[in-house]
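# Remarks on the overall topology
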Amino acid sequence: MASRKGTMTVKLLDLVPQYESIRDEIREAIDGVLSTQQFILGKKVEALEEEIARYCGSRFAVGVASGTDAILLSLMAIGAGHGDEVITTPYTFFSTVSSITRLGATPVFADIDPRTYNIDPGMVAARITPRTRAIIAVHLFGQPADMGPIMDAAGRRDIPVIEDACQSIGALYKGKRAGSIGSIGCLSFFPSKNLGGYGDGGMVVTDNEGLADKVRMMRVHGGRERYYHDVVGINSRLDSIQAAILLVKMRHLEKWHEGRRANAAFYDRELARISGVTIPFVESHNVSVYNQYVIRVQERDALRAFLQENGVGCEVYYPVPLHLQKCFAFLGGKTGDNSESEAAARETLAIPVFPELTIAQRDYVVSSIRAFQERRA
Ligand SMILES: *Cc1c(COP(=O)(O)O)cnc(C)c1O
């Protein structure tokens, strides 16, 4: 197949143009923190917690060191441990599930809805047992999972629902923000997320004062007062510098979500005309923030190689579902257990959707995909 090399390069995610657009605000914010020499938690983190709680429509928010820790601390606050089962999806980022096993609890996988790639509520209900200690719903790629029936199934047994909203800050499910629907929601400020810091960071949001208190205590080694420990916690604090940066970025977040949605709408229109390409499906009751724009094609690996050769950044999220990961072999998962997740892992590909994409770049992404698919047709 002829290469179109040299025409253009489009990264999957290029953070430089965004930084250039806010450089002065960011430098001023970082400088402010440097003047105070207050680096851990502090006023900036408190201000960010207030702002994120308001934005998500939750009563409380607690800043932590990463999205991974937000999930781990949520499970700790709920009290998940040995002998407990936690139902979740195998088609997610690793740490949704590693947080469960780190606490000695057992992940129980429910397969995904093949249209949205989010956990299938019917499967969740079918996996509930007397040992179910929690359910973790993941809002993948920027679109909320179908929380209504998940909450119904959980509510019948009083099972807490954790929302892994690491990819979906700001997304809406029936008018409610991702993270604010279940018992506790987890956010990540990893640089590639829609609200990305300049390093690691994360937050939990919740309406439950007891859970907020526990996470607040657990993030500082399990004590309310320094050197007095009520429980064994961890060190998972958000940096003041990250909070100062994120407060600046909050001012632009909606505009950036809109930019992603505009790019997604363009792709939806253009790619729907190319045979063999399945565009993302977004439920009519959802508003996605498109942390990733993920298409589905039969010859995924060949398309990926072609795009890479032609300067178009793309990535597979995720190539191996978690029930088939080597480190989770002890759980006894095997091929065929979650066939929709396995098919998605073979056939999906994320293409550039970041808000600063230029029109020429978007056009080039589409024409590259078209060039591949037409030669295959
Ligand atoms: C990014 C992500 C995490 C982990 O967040 P970190 O801040 O990188 O620790 C967890 N779950 C999902 C679905 C994610 O996308």
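Just so you know, these numbers come straight off a predicted model, no measurement behind them.

Rules behind the numbers
Residues numbered from 1 in each chain as written. Predicted model: local features only at pLDDT ≥ 70, side-chain atom pairs only at ≥ 80, totals over all residues. Heavy atoms only, no water. 1 Å grid on protein atoms, 1.4 Å probe; cavity = no way out; pocket = protein on both sides within 12 Å on 5 of 7 lines; lining within 4 Å. Points joined across faces, edges and corners; volume = space filled by probe spheres on them. Nonpolar A, V, L, I, M, F, W, Y, C, P; charged D, E, K, R; others polar. Domains from an automatic or database assignment. Helix = DSSP H or I, 4+ residues; strand = E, 2+ residues; numbered from the N terminus. Expected span 1.5 Å × (residues − 1). Buried < 20%, exposed > 50% of the residue type's maximum accessible area, 1.4 Å probe, protein only. Near = heavy atom within 4 Å. Polar contact = N/O pair within 3.5 Å; in protein donor to acceptor, adjacent residues only side chain to side chain. Areas by Shrake-Rupley, 256 points an atom, 1.4 Å probe, with all protein chains shown as cover. Axes fitted to C-alpha atoms, helices over the stretch in contact; angles between N-to-C directions. Parallel < 35°, antiparallel > 145°, perpendicular 65-115°, else oblique. Left-handed = near helix turned anticlockwise from the far one by under 90°. Contact = heavy atoms within 4.5 Å. Patch = residues over 30% accessible without salt bridge, like charges linked within 9 Å, V, L, I, M, F, W, Y side chains within 5 Å. Salt bridge = Lys/Arg side-chain N within 4 Å of Asp/Glu carboxyl O. Pairing = 2+ DSSP bridges. Buried area = accessible area lost by both parts, 1.4 Å probe.

Attention shifts here to empty space enclosed by the protein. It is a probe the size of a water molecule, rolled over the atoms, that shows where empty space is left. Enumeration according to the criterion identifies 2 cavities of 30 Å³ or more in this entry. One number sums up the size of the largest cavity: a volume of about 110 Å³. Lining the largest cavity are 15 residues, and of these Thr116, Phe141, Gln143, Pro280 and Phe281 lie nearest its centre. Class assignment of the residues belonging to the lining of the largest cavity gives a composition of 9 nonpolar, 5 polar and 1 charged. Mapping the lining of the largest cavity onto the domain boundaries places at least three of its residues in each of domain 1 (18–250) and domain 2 (252–376). Looking at the second largest cavity, its volume works out to about 70 Å³.

As a further point, take helix α9 (residues 253–271). Given 3.6 residues per helical turn, the α-helix brings residues three or four places apart onto the same face. Over its 19 residues, α9 extends 26 Å from the first C-alpha to the last, a length consistent with the 27 Å expected when each residue adds 1.5 Å. Buried within α9 we find Leu253, Trp256, His257, Gly259, Arg260, Arg261, Asn263, Ala264, Phe266, Tyr267, Glu270 and Leu271.

Moving on: the site of the ligand. Around the ligand, the surrounding shell holds 16 residues, and the nearest of these are Gly67, Thr68, Asp164, Ser188 and Lys193. One nitrogen or oxygen atom from the side chain of Thr68 is found 2.5 Å from an oxygen atom belonging to the ligand. Contact between the ligand and Asp164: a nitrogen atom at 2.7 Å from a side-chain N or O atom of the residue. For the ligand, whose free accessible area comes to 380 Å², the fraction covered by protein is 93%. Among the elements of the structure, α3 (67–78) and α4 (94–102) are those that each provide at least two residues to the shell around the ligand. Among the elements that line the shell around the ligand, the one with the most residues is α3, at 3 residues. In terms of residue class, the shell around the ligand is made up of 5 nonpolar, 9 polar and 2 charged.

It is worth spelling out the packing of α3 against helix α7 (residues 209–218) at this point. Between α3 and α7, the shortest axis-to-axis distance is 9 Å and the interhelical angle comes to 120°. The angle between α3 and α7 falls in the class oblique. Every pair of crossing elements has a handedness; the one defined by α3 and α7 is right-handed. Where α3 approaches α7, its residues Leu73, Met76, Ala77 and Ile78 are matched on the opposing element by Leu211, Lys214, Val215 and Met218.

Attention now moves to a nonpolar patch on the surface. Nonpolar side chains collect at one region of the surface, where Leu34, Phe39 and Ile40 lie side by side and expose about 230 Å² of accessible area between them. Overall, Ile40 belongs to the partly exposed group, its relative accessible area being 38%.

The buried count for strand β8 (residues 184–188) comes to 5 of 5 residues, which makes it a mostly enclosed element. Residue alternation in β8 divides its side chains into two sets, Ile184, Cys186 and Ser188 and Gly185 and Leu187, and both sets are buried. Judged from the 3 bridges that link them, strand β5 (residues 161–164) and β8 form a sheet pairing that is parallel. Opposite Ile162, over in β8, you have Ile184 as the bridge partner. Where β8 lies against strand β9 (residues 202–206), 4 bridges are found, and the strand directions are antiparallel. If you follow Ser188 over to β9, its bridge partner there is Gly202.

Along its sequence, the chain is organised into domain 1 (18–250) and domain 2 (252–376). On a C-alpha basis, the centroid separation for the pair domain 1 and domain 2 is 24 Å. Each partner contributes residues to the interface: domain 1 has 45 residues there, and domain 2 has 36 residues. Summed over both sides, the interface between domain 1 and domain 2 buries roughly 3,600 Å², with carbon and sulfur atoms accounting for 57% of that surface. Contact with domain 2 buries surface across domain 1, with Tyr91, Phe141 and Asn194 losing the most and accounting together for 20% of the total.

For the rest of this paragraph, the subject is the sheet that holds strand β3 (residues 106–109). With respect to topology, 7 strands assemble into an open sheet ordered β1-β9-β8-β5-β4-β2-β3, the strand pairing being mixed. Edge positions in the open sheet fall to β1 (60–64) and β3, since each of these has one partner strand only. Adjacent strand axes in the sheet meet at a mean angle of 25°, parallel and antiparallel pairs treated alike. Against the sheet, α7 makes contact with β1, β8 and β9, and its axis sits at roughly 20° relative to β1, the strand it touches most.

Moving on, we come to the pattern of salt bridges. For the structure shown, the criterion picks out 14 salt bridges. In this structure, the salt-bridge partner of Glu25 is Arg251, at a minimum N-O distance of 2.9 Å. Residue Glu25 is located in helix α1 (residues 16–36), and its partner Arg251 is located in the loop between α8 (240–250) and α9; the two are separated by 226 residues in the primary sequence. Look at Glu25 and you get partly exposed, because its relative accessible area is 25%. What makes Arg251 exposed here is its relative accessible area of 56%. With a closest N to O distance of 3.4 Å, Arg273 and Glu270 form a salt bridge. In this structure Arg273 comes out as exposed when scored by relative accessible area, which is 62%. Note on Glu270: relative accessible area 16%, which makes it buried. One salt-bridge network, in which partners are shared between bridges, spans Asp113, Arg115 and Glu283.

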